[in-house]
Amino acid sequence: DRCTACHIHWEVGSFDHAATGLVLNDDHVDLDCDSCHLDQDFSARPSCEDCHDEEMLPENLPGERVGKL
């Protein structure tokens, strides 16, 4: 589901990824959302294959888990 379906005043770069329970590391924090979330489908599992040769998730996360998940 697209965030902009509900969040009509959405600004690119304003999302705090920690709200998802994952703080992105320095290698991933400046990427556009659709670099990992193909077609901006946030209900689907992120895709790593465009940048990484092997399957990354869930073993190798693009950051650090925070909070209770």
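Predicted model only: the values in this text are computed from it and were never measured.

Rules of the game
- Residues numbered from 1 in each chain as written.
- Predicted model: local features only at pLDDT ≥ 70, side-chain atom pairs only at ≥ 80, totals over all residues.
- Heavy atoms only, no water.
- Helix = DSSP H or I, 4+ residues; strand = E, 2+ residues; numbered from the N terminus.
- Buried < 20%, exposed > 50% of the residue type's maximum accessible area, 1.4 Å probe, protein only.
- Contact = heavy atoms within 4.5 Å.
- Areas by Shrake-Rupley, 256 points an atom, 1.4 Å probe, with all protein chains shown as cover.

### Notes on the overall build of the protein
Helix and strand counts for the protein stand at zero helices and two strands. Principal-axis analysis of the C-alpha atoms gives the protein an extent of 35 × 25 × 20 Å. In the protein, buried positions account for 14% of the 69 residues. Summarising the internal contacts of the protein: among those between residues at least 6 apart in sequence, 62% fall at separations of at least 24. As displayed, the protein has an accessible area near 5700 Å², and 50% of this comes from carbon and sulfur atoms.

### Let's talk about the side chain of H37
Along the polypeptide, H37 turns up in the loop between β1 (22-24) and β2 (63-65). Overall, the relative accessible area of 17% leaves H37 in the buried class. Not counting residues up to four positions away in its chain, the partners in contact with H37 are H17, F42, A44 and P46.

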